[in-house]
Structure formats: structure tokens, C-alpha cells
Amino acid sequence: MKLIQIAAPDFDLEKTLNSGQVFHWEKVGAGFCGTIGESAVYVEQLGNVLQTKMEGGVVRRRAQHQLFRKAPTTAATTGSRELAPPSVARVVTRYFALDHPLEDICSSFPRDPIMNAARDFCRGLRIIRQPKWECLATFICSSMKQVTHIRQISRALRQRFGEKKEIGGDEIFSFPSPGRLARTSENELRKCGLGYRARNLLETAKVVASGQADLDSWNPLPDRKLRKQLCELPGVGMKVANCVMLFAFERIAAFPIDVWIERVLREKYFVRKRKVTGQMLADFAANYFGVHGGYAQQYLFHHARMTGKRKSPSRSLDQSH
DNA sequence: CTCCAGGGATGAT
DNA sequence: ATCATCCATGGA
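Everything quoted here is computed from the prediction, not taken from an experiment.

Novice: I would appreciate a short explanation of the packing of aromatic side chains in the present structure.
Specialist: One pair of aromatic rings is described through two measures. These are the centre distance and the angle between the planes. Applying the stated criterion across every chain, the model contains 16 aromatic pairs. For the ring pair Phe255 and Phe289, a centre distance of 5.3 Å and an interplane angle of 20° mean the geometry is stacked. Here Phe255, found in the loop between helix H13 (238-248) and helix H14 (259-269), pairs with Phe289, found in the loop between helix H15 (278-288) and helix H16 (293-306); they are 34 residues apart in sequence, far enough to count as distant. A centroid spacing of 6.0 Å and a plane angle of 80° characterise the contact between Phe284 and Phe289, whose relative ring orientation is edge-to-face. Relative accessible area serves as the criterion here: at 21%, Phe284 is assigned to the partly exposed category. For Phe289, a relative accessible area of 1% gives the class buried. Across the ring face of Phe249, the terminal group of Lys132 is positioned such that the distance to the ring centre comes to 4.9 Å.

The structure is reproduced here in C-alpha cells:
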């Protein structure tokens, strides 16, 4: 299969995929294998160009258009003129958010030493547009787990309950639908390493599969209302809700506060202050980091995690600027 | 406010 | 080799 080339200026694929926002992409050769929705995808970066191929997708618009016209579909009766599904380039561009004005976003970050360092370190990192259910389910599994664990859980869920795809000779599994997971049992989910999170994922899958919670219909809701709806789902608190808003609902201002971000805020922005509550941290973040706060948060998170400042008892030479 | 709920990677010893 | 710590937390 021929590789399709896509312009990808101001983009860093590896940083984007390894920044703790998505957990299923695996390094293969010079690039990565994964899924975008139900399609298996291979993608690699060469400078400012993304080379990609997709299985179950479209190589050319015309081919899929013909395919569409062969079978009578209900879409034809709707009168919509957008019958042709988007091209591979369009799907990939949208998924990796290559249309985000990254320069403007980064320029809107506050100018302080911590933020400057994070902005410089994370150049090219973009917040991608993930499928809603996949994102929600994965972050329900993320509670009190490390990134490597979440990857294992995601892989186990896909292998057990997802649909097998193939791309360039590699096996890839799509993320199981809410209906599929709703038909499993808590015990089956525990076999994927979910622990106590199994019940939450199962219950949320049932609510979503039944239509009682319609994620797509929540698109027009304002941030506050959307957050409230998400938090009513089992296993979803403020942190997970903000992650789903940021990574799947394009709410760029949503500011998830996890262990790492809390450390950064307390140690860098609330230096030597007692009695700092979580609410105070959230209020500060919402006001200080601005309309693209979610992006700022992602940069701070990735920078903190990569420059590793996990508690080490023996740090005799603590260097500060 | 506190406490607890898998389990595996990671790091100290 | 074993042992302690940590974890993109929610719920009680």
C-alpha cells in the first residue's frame, strides 16, 4: 500500500503520542501503529511531513464515492450533499489536530520561567481529537494507575473485545464499543487488569450503550454543564471529566489536575504556602493559564514527567534556576 | 477531613 | 535477589 503524504508543520508526532493523552499507539519501525476510530493506521514523521496509510479507510475520494453509490443508503434520502466520506488526509489531519493554530496557542501562555521551559520543551506537541467513548473509557481505567499500566489495560481490552484489523502486516485492534463492553462481566473486565475499576467501566458502558447517556448529544453543552453530565457517570470525577473534555470534546480550557500537575502547581506557583486546597489550585489554574489552559496544562504535565522529579530520597545536588 | 480500592513498573538496597 | 513506592482518582 502506498504511503500518503500530509503536510504537518509545527508538529511532533512522538511527543504527541507519548504525552499521556492517548495510550494505544505502538512504535513500529520508523513510525507508529494504531487506530483512528475503526480504521487501522500507520503513521511516521519525516520533518514537516507525515507519511501515513490506513486500512478500512479511503485512499482516494472517488473510490469510496463509487462504493457508496453501489448500495442504496439512507443517507441518500436525507438530501445531504456530503455523501463522500472524508479522505485519509482529512481524517489524519483532524485526529492529530494539525489545524490547531499552535503558534497562537503557545503565545497565549503566561510568561513565567516554568511555563517558558515547558513551552520550549514541548514544541510541536498537539492535543489530539479522540473518539469520545474510547477516551472516556480509557480515562475511567486511568484512575490511580501509571501510564504504562494504562497502556496495558487499553491493549488487553482491545485484544479481548475489540475488532481485529491489519495494517502493513501488523495486527491492530479497535477499541470495543460500549455495547460490546456492556455485554461482558465485571469478572471478565478484571482479567484485563482493571481491578476495582472494572465495575465503573461496566456500569458506564451500560449507561452509554442504552442511550441513557448520549455522548454526541452533549456536544453543544457549555463547559460547566458538560462537566456535570460527565461526572454523573460511574468512575468519573473532576479529573477524568476534565481529561475527556480536553481530549475528546475540544474544550481547550479544561484543566485536569493530577498528581504531577498538583506537584508543579504547589512547588512552583504556591511556593511555601500552607493550607492550599484543591479548589484553590483549580481556581488559580482557571484564571492564570487563560483560554488555552488545557494546552498549557498538557505542556506542564509532559515537561514535569519527562524531566522526572519523582520523589528521590537522595538528591544532594538540587539545581534551581 | 480521612481512608481505601488492583497490580505492575520502577527504583532502592 | 527482595522490598517499598508510586500511580493522568473516585467514592464512601
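Novice: Whenever I open this one, the protein's contact with DNA strand B confuses me. Can you help?
Specialist: Surveying the vicinity of DNA strand B reveals eleven residues, the closest of which are Lys145, Gln146, His149, Gln152 and Arg197. Of all atoms in DNA strand B that approach within 4 Å of the protein, 55% are sugar or phosphate atoms. Taking Gln146, its side chain carries an N or O atom lying 3.3 Å from a base nitrogen of DNA strand B. Within the contact set of DNA strand B, a base nitrogen lies 2.8 Å away from a side-chain nitrogen or oxygen of His149. Sort the elements by how many residues they give to the surface near DNA strand B and helix H8 (residues 147-161) lands first, with three residues. When the residues that make up the surface near DNA strand B are grouped by side-chain class, the tally is two nonpolar, five polar and four charged.

Novice: Got a minute to help me understand the packing of helix H7 (residues 132-140) against H13 in this structure?
Specialist: Helix-helix packing is characterised by the crossing angle of the two axes and by the distance between the axes. The N-to-C vectors of H7 and H13 enclose an angle of 150°; their axes lie 9 Å apart at closest approach. Taken together, the axis directions place H7 and H13 in an arrangement best described as roughly antiparallel. At the point where H7 passes H13, the crossing takes the right-handed sense. In contact with Lys132, Cys135, Leu136, Phe139 and Ile140 of H7, H13 contributes Lys239, Val240, Cys243, Val244, Phe247 and Ala248. The residue inventory of the contact of H7 with H13, partitioned by class, reads nine nonpolar, no polar and two charged.

Parameters at a glance
Residues numbered from 1 in each chain as written. Chains lettered and ligands numbered in written order. Predicted model: local features only at pLDDT ≥ 70, side-chain atom pairs only at ≥ 80, totals over all residues. Heavy atoms only, no water. Phe/Tyr/Trp six-rings, centres within 6.5 Å; stacked < 30°, edge-to-face > 60°. Helix = DSSP H or I, 4+ residues; strand = E, 2+ residues; numbered from the N terminus. Buried < 20%, exposed > 50% of the residue type's maximum accessible area, 1.4 Å probe, protein only. Lys NZ or Arg CZ within 6 Å of the ring centre and 35° of its normal. Near = heavy atom within 4 Å. Polar contact = N/O pair within 3.5 Å; in protein donor to acceptor, adjacent residues only side chain to side chain. Nonpolar A, V, L, I, M, F, W, Y, C, P; charged D, E, K, R; others polar. Axes fitted to C-alpha atoms, helices over the stretch in contact; angles between N-to-C directions. Parallel < 35°, antiparallel > 145°, perpendicular 65-115°, else oblique. Left-handed = near helix turned anticlockwise from the far one by under 90°. Contact = heavy atoms within 4.5 Å.

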